[in-house]
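Chain by chain, the residues run as shown.
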Amino acid sequence: MIHTDYLVRATALDERVRAFALHATDVVGELQRRHDTYPGATAALGRTAMGALLLGAAGLKEPEHALSVEVRGGGPIGRVICTANGSGEVRGLVSNPHVHAPSIREGKLNVAGVVGTGGYLSVTKSLGLRDTYQGTVELQSGEIGDDLAFYLARSEQTPSAVGIGVFVMPDGRVEAAGGFLVQLLPGLEDEEIQEIEARIATLPHPTKLIREGVTPEGILDQIFGGEYTLGSSHPIRFHCPCSRERFEAAIVSLGQEEVNRIIEEEQEPRTEVVCHFCNEKYYFSPTEMQEILAAAR
Ligand SMILES: [Zn+2]
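**A closer look at the overall build of the protein chain**
The helix and strand tally for the protein chain stands at 10 helices and 15 strands. Radius of gyration (C-alpha) of the protein chain: 21 Å, near the 19 Å computed for a compact globule of 297 residues. Here the C-alpha coordinates of the protein chain stretch approximately 70 × 40 × 35 Å along the principal axes. When burial is assessed residue by residue, the protein chain has 40% of its 297 residues classed as buried.

Pasting the structure below:
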C-alpha cells in the first residue's frame with residue numbers, strides 16, 4: 001500500500017482528453033479522525049473531498065483560488081461540504097458525522113443511503129476577489145461520483161467520468177481512498193469516446209486498485225491502455241486555514257454586549273471556540289476577550 005497522497009494530471013488522444021487521478025488515503029483518514037465520522041459518513045465526506053480536489057485540479061489556475069462542493073441530499077448526514085484550493089489543500093465537514101450506512105451493497109458502503117437522493121449538488125468557485133461562480137444540479141444518485149460527473153456535463157458542458165472511492169475498515173479507519181476524473185473535450189470521434197467509456201466501465205472500483213497497490217499513474221494506465229501523456233503531479237493534504245487571529249476577529253464582530261453576555265452566562269475561566277471545518281479548539285479567557293475588544297476600538 002502506498003502512503004503518499006498526490007494527484008497527477010495527464011492528457012490523451014492529442015489533448016482531446018484530460019485526466020486526473022489521485023491517492024488520498026491520508027487526507028480522508030485525517031478527515032475521519034478530526035470529525036470522528038462513522039463509515040458511511042467517512043465515505044460521503046471522503047468522496048466529496050476527493051471530488052473537490054479533482055475539480056480543483058481541473059478548474060483552478062491559481063494556488064489561492066478555491067472551489068467548494070456542497071451536497072444536500074435530504075439524507076441523515078445532512079449537509080456535506082468540502083473546499084479545495086489550487087495548491088491541493090482540502091478541508092470539509094458534515095452535519096451529522098455519527099450516521100450509520102443503512103446497508104452494504106455489493107461489499108460497498110451505501111453512500112446514497114447516508115447522503116440521500118432528493119436534493120442538490122452545488123459547486124462554488126472563488127477565483128480572486130470578486131470573481132465567484134456557482135453551479136447547482138439536482139442530485140442523480142447520491143453516490144457523489146456520478147453526481148459530480150452530471151454536474152460537469154450539465155453545468156460546465158464537459159462530458160466527464162468520475163470514479164472515487166473510500167475503503168473503511170471494520171474499526172472505522174480509512175484503508176484506501178482515491179479515484180480519477182476523465183474529461184472528454186471537443187473533437188473526439190464516436191469510436192474514441194466509446195473505447196474510453198468501455199475501459200472505464202470495466203475498470204475495477206478505485207479502492208480495489210489502490211488496495212492492490214496500483215498508483216494514480218497505474219489507474220490512468222488502465223483507462224488509456226498505456227497511451228497517454230503524463231503531466232505534472234503535486235502533493236495533496238488536509239489543511240484548514242483557521243487560526244487564533246481569525247477567531248479574535250470573530251470576537252470583535254460579536255461586539256461588547258454579546259461578549260459580556262457570553263462571559264456572564266458561561267461563568268467559565270475560559271470560553272471554547274471550535275472550528276467546524278477541522279474541529280480545532282481555541283480558548284479565550286474573559287480577560288483576553290475584553291483585551292481583544294479594547295484593542296479593536
Ligand atoms: Zn479550522
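**Things to note about the domain arrangement of the protein chain**
By a widespread convention, an interface's size corresponds to the accessible area lost as its parts come together. The domain architecture assigned to the protein chain consists of domain 1 (6–238) and domain 2 (244–296). Using only C-alpha atoms to locate each centre, domain 1 and domain 2 end up separated by 36 Å. With 4 residues of domain 1 at the contact, the number on the domain 2 side is 4 residues. When contributions to the side of domain 1 that touches domain 2 are tallied by element, the ones reaching two or more residues are helix 1 (25–35) and strand 5 (89–94).

**Concerning the nonpolar core**
For soluble globular proteins, the rule of thumb is that nonpolar side chains tend to be buried together. Membership of the largest hydrophobic core comes to 74 residues, with the highest contact counts inside it found for Ala19, Ala44, Ala49 and Leu53. No other element matches the 11 residues that helix 2 (residues 39–59) contributes to this core. Ignoring any residue separated from it by four or fewer positions in sequence, one finds alanine 44 in contact with Ile77, Val80, Val94, Val111, Val114, Val115 and Ile144.

**Here we look at unusual backbone geometry**
One non-glycine residue, glutamate 15, adopts positive backbone phi at about 65 degrees. With respect to the element layout, glutamate 15 can be found in the loop between strand 1 (6–12) and strand 2 (17–23). Here the phi dihedral of glutamine 157 falls at roughly 50 degrees; this positive angle occurs in a residue that is not glycine. As for its position among the elements, glutamine 157 is in the loop between helix 4 (145–155) and strand 10 (160–168).

**Considerations on the confidence of the model for the protein chain**
With 97% of its residues at a pLDDT of 70 or more, the protein chain shows a mean pLDDT of 93. The secondary-structure element of the protein chain with the lowest mean pLDDT is strand 6 (residues 104–105), recorded at 64, while strand 2 shows the highest, at 98.

**Looking at the environment of leucine 55**
Within the element layout of this structure, leucine 55 appears in helix 2. Along the sequence, leucine 55 and glycine 86 sit 31 residues apart, while their C-alpha atoms lie 9.9 Å from each other. When sequence neighbours within four positions are dropped, the list of residues in contact with leucine 55 reads Leu67, Val69, Val123 and Leu148.

**Considerations on the environment of leucine 254**
Locating leucine 254 in the fold gives a position in helix 8 (residues 244–254). Distance from leucine 254 to cysteine 82, taken between C-alpha atoms, is 26 Å for residues 172 residues apart in sequence.

**Considerations on the sheet that holds strand 9 (residues 131–138)**
Ordered in space as 9-8-3-4-5-13, the 6 strands form an open sheet in which the pairing is mixed. Unpaired on one side and paired on the other, strand 9 and strand 13 (237–238) mark the two borders of the sheet. Pairing analysis gives 7 bridges linking strand 3 (residues 66–72) to strand 8 (residues 120–127), with the strands arranged antiparallel. Directly across from alanine 66, in strand 8, lies its bridge partner serine 126. Taken strand by strand, helix 2 contacts strand 3, strand 4 (79–85), strand 5 and strand 8, and its axis lies near 35 degrees from that of strand 4.

**Comments concerning helix 7 (residues 216–224)**
Since the α-helix turns once every 3.6 residues, residues separated by three or four places project in the same direction. Listing the buried residues of helix 7 in full gives Pro216, Ile219, Leu220, Ile223 and Phe224. For helix 7, the buried positions fall inside an angular range of 120 degrees around the axis, keeping them on one side. On its buried face, helix 7 is in contact with strand 1, strand 2, strand 11 (174–184), helix 5 (190–202) and helix 6 (206–211). Among the residues trailing helix 7, glycine 225 stands out with phi positive, at a value near 60 degrees.

**Structural notes on the pairing of strand 5**
Burial runs high along strand 5: 6 of the 6 residues are buried. Judged by which residues are buried, strand 5 turns out to be covered on both faces: Glu89, Arg91 and Leu93 on one side and Val90, Gly92 and Val94 on the other are all buried. As judged from the 5 bridges shared by strand 4 and strand 5, these two strands associate in the antiparallel manner. Of the residues in strand 5, the one forming a bridge with valine 80 is valine 94. Count of turn residues in the strand 4/strand 5 antiparallel hairpin: 3 residues, of which glycine 88 carries a positive phi of about 80 degrees.

**Section: the sheet that holds strand 10**
One open sheet holds the 5 strands; their spatial order is 10-11-2-1-12, and the pairing between them is antiparallel. Looking at strand neighbours, the two that pair on one side only are strand 10 and strand 12 (229–235), the edges of this open sheet. Strand-to-strand, the axes of this sheet are offset by a mean angle of 10 degrees, without reference to chain direction. One ladder, built from 7 bridges, connects strand 1 with strand 2; its direction is antiparallel.

**Considerations on the environment of alanine 58**
As for its placement among the helices and strands, alanine 58 is situated in helix 2. Not counting residues up to four positions away in its chain, the partners in contact with alanine 58 are Arg18, Phe20, Leu181 and Gln183.

Thresholds, definitions, all that
- Residues numbered from 1 in each chain as written.
- Predicted model: local features only at pLDDT ≥ 70, side-chain atom pairs only at ≥ 80, totals over all residues.
- Helix = DSSP H or I, 4+ residues; strand = E, 2+ residues; numbered from the N terminus.
- Rg over C-alpha atoms; globule rule 2.2 N^0.38 Å.
- Buried ≥ 20, exposed ≤ 12 C-beta atoms within 10 Å, placed from the backbone.
- Domains from an automatic or database assignment.
- Contact = placed C-beta atoms within 7 Å.
- Core = buried A, V, L, I, M, F, W, Y, C linked by C-beta atoms within 7 Å.
- pLDDT = per-residue confidence, 0-100.
- Pairing = 2+ DSSP bridges.
- Axes fitted to C-alpha atoms, helices over the stretch in contact; angles between N-to-C directions.
- Arc of directions from axis to C-beta.

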